[in-house]
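The chain contents come next:
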Amino acid sequence: MKLHRLSLFIPAIAAAISAQAAPKAPLMGWSSWNAFFVDISDSLIMRQTDLLGELGLADAGYRQVNIDDGFFGHRDSTGRMQPHPVRFPNGMKHVVDYIHSKGYKAGTYSDAGHNTCGSMWNNDTIGINAGMYEHEDIDAATAFGDWNFDFIKIDYCGAECDGLVEQEQYTKIRQALDRVRPGIALNICRWRFPGTWAEDIAESWRISQDIMNDWESIKSIVDLNAPLSAYCRNGHYNDMDMLTIGLRENTSLTGDGLDHTEESAQFGMWCIMSSPLLIGCDLEKIPASSLEILKNPELIAVNQDPLALQAYPAVREADGSGVFVKDIVRRNGLTRAVALYNPTDTAKSMVLRFRDIDLGGKVKVRDLSNRRDMGVFKDKFTAEIPAHGAIVYAVDGTRRLEPSVYEAEWGYLQMFDNIGRNNVKYTYDASSSGCMKVEFLGASPENYIEWTNVYSEKGGRYSLNIKATPECPLQIRVNGSLHEADSAADKLKISLEPGFNTIRIGHDTSVIPAIDFISLVKQ
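Residues numbered from 1 in each chain as written. Predicted model: local features only at pLDDT ≥ 70, side-chain atom pairs only at ≥ 80, totals over all residues. Heavy atoms only, no water.

A. Spatial organisation of helix H11 (residues 260-272). For H11, built from 13 residues, the straight-helix expectation of 18 Å at 1.5 Å per residue is met to within 8% by its first-to-last C-alpha distance of 18 Å. The element H11 is extensively covered by neighbouring structure, given that eleven of its 13 residues are classed as buried. Where H11 is concerned, the buried positions are Glu262, Glu263, Ser264, Ala265, Gln266, Phe267, Gly268, Met269, Trp270, Cys271 and Ile272. Capping the start of H11, aspartate 259 holds a side-chain oxygen 3.1 Å from the backbone nitrogen of threonine 261, two or three residues further along. Remark: serine 274 follows H11 within two positions and exhibits a positive phi of approximately 55°. (Helix = DSSP H or I, 4+ residues; strand = E, 2+ residues; numbered from the N terminus. Expected span 1.5 Å × (residues − 1). Buried < 20%, exposed > 50% of the residue type's maximum accessible area, 1.4 Å probe, protein only. Polar contact = N/O pair within 3.5 Å; in protein donor to acceptor, adjacent residues only side chain to side chain.)

This is the structure in structure tokens:
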């Protein structure tokens, strides 16, 4: 049988790309928190470990077991943490060794402050003084020297109460980990995008509050992550939190559960947005339909794609629906992954215009969510997307077109965080292109917006147009070369190199109230 060109996304073909050149892919595995909270034990963890293999999930790529809050016992006279004597009577290394014996990696948990979240919100008093604050070195040595864990998620409940500064405390923890074993995988669980400094410390960082077991939570997390594609780079990822797929029968996590359409949408959006994929349900009780979603090899391949890119919103409507897209297999190639996303309460007929995703000619479309070929189309493709739904496609064109517009929500903001320590932010605005703009740039050399993927096929002269508040002066750097404009109304003539270029906009001393997008016209 002839191999369809769109099968380029499957792992066997993706693996043909140099593995050494590819960044580390998003983490895949299982975590104890969503299904069990603090009510865990060694037997429970080992049984869930077994089920990863028995259910075929390990073969699908889920090869990490994370033990979340609830394993703490007490600190001994030296300050060293001891495991809970009832929940883990044989110690933590016994469980870690079991996980490793299956060929999987083992993850652990702590808090950046004195107390863990379980002690504060789940009445689990063993978490009091179990956090890493003032115990950074001894806890790092215990977890990664004595117990031999591979990964740690570090929460912020205690640290918030302690009034700590995120960058300072997480940096201190990173340094303690590196003294034990350089390169230990770290997840920052601050519940908001913490700041661009996180890339130097962690492999991933949470961008939202804890996920709930309902559609409103899924929708809010997608909304928060929509403008953050520029921060997913070099094997570092925006973490959309653990999956709630399979939790319909769960009574611990708040919410009524997701139906099949919503579960499929969550998995599709987590995959195309390159979030870590951590199963959060009790694998003993997982419905067959949920298991099928989690094992979809075509969506997993999009998540694990060697380019390690996060999809950005190519088109966004005021109701939150839109088109998300990213390159797969090869940057600026002919094959892209696309999600048609409909978070509304009614089904929508959605149109994918190929020019919006920079593809031309005849375009082959394959539905990855349902694993079927849709055919060959010209100019556009139309699909009925159910309420609370998302369908992910692989699209393969015959021509790759130069982008003419770069939205502000695709740009990298050096001083951005979602904590509120800096003013610059992405703001929803129905009147803006893509329903979003960036506000409060400038007044500092570090407070800029930057696009590093401005593509020109042959290079040459372009007219750069900036949709921004026109009264403010701008400093524009194109591949490092400075151009100054009295206002955004000035149309600049710039030169681009063949391939990818970098455009940065800011101002060292003046505030730039808002930027909507930039556009380029070849001269």
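B. Geometry of the packing of aromatic side chains. Tallying each qualifying case throughout the model produces 20 aromatic pairs. Centre to centre, the rings of phenylalanine 381 and tyrosine 393 are 5.2 Å apart; their planes meet at 70°, and the pair counts as edge-to-face. Of the two residues, phenylalanine 381 is situated in strand E18 (residues 380-385) and tyrosine 393 in strand E19 (residues 389-396); the sequence distance between them amounts to twelve residues. Summarising the burial analysis for this pair, phenylalanine 381 and tyrosine 393 share the class buried. Within the aromatic cluster, the residues linked to one another by ring pairs are Phe193, Trp205, Tyr231, Tyr412, Phe416 and Tyr426. Positioned over the ring face of phenylalanine 500 is arginine 331, at 4.0 Å from the centre of the ring. (Phe/Tyr/Trp six-rings, centres within 6.5 Å; stacked < 30°, edge-to-face > 60°. Lys NZ or Arg CZ within 6 Å of the ring centre and 35° of its normal.)

C. Spotlight on the pairing of strand E27 (residues 474-478). With four of its five residues buried, E27 lies for the most part within the structure. Counted between consecutive antiparallel strands, the loop separating E27 from strand E28 (residues 481-485) contains two residues, among which asparagine 479 sits at a positive phi close to 50°. Relative to strand E30 (residues 499-506), E27 is paired through four bridges, and the arrangement is antiparallel. Directly across from isoleucine 476, in E30, lies its bridge partner isoleucine 505. (Pairing = 2+ DSSP bridges.)

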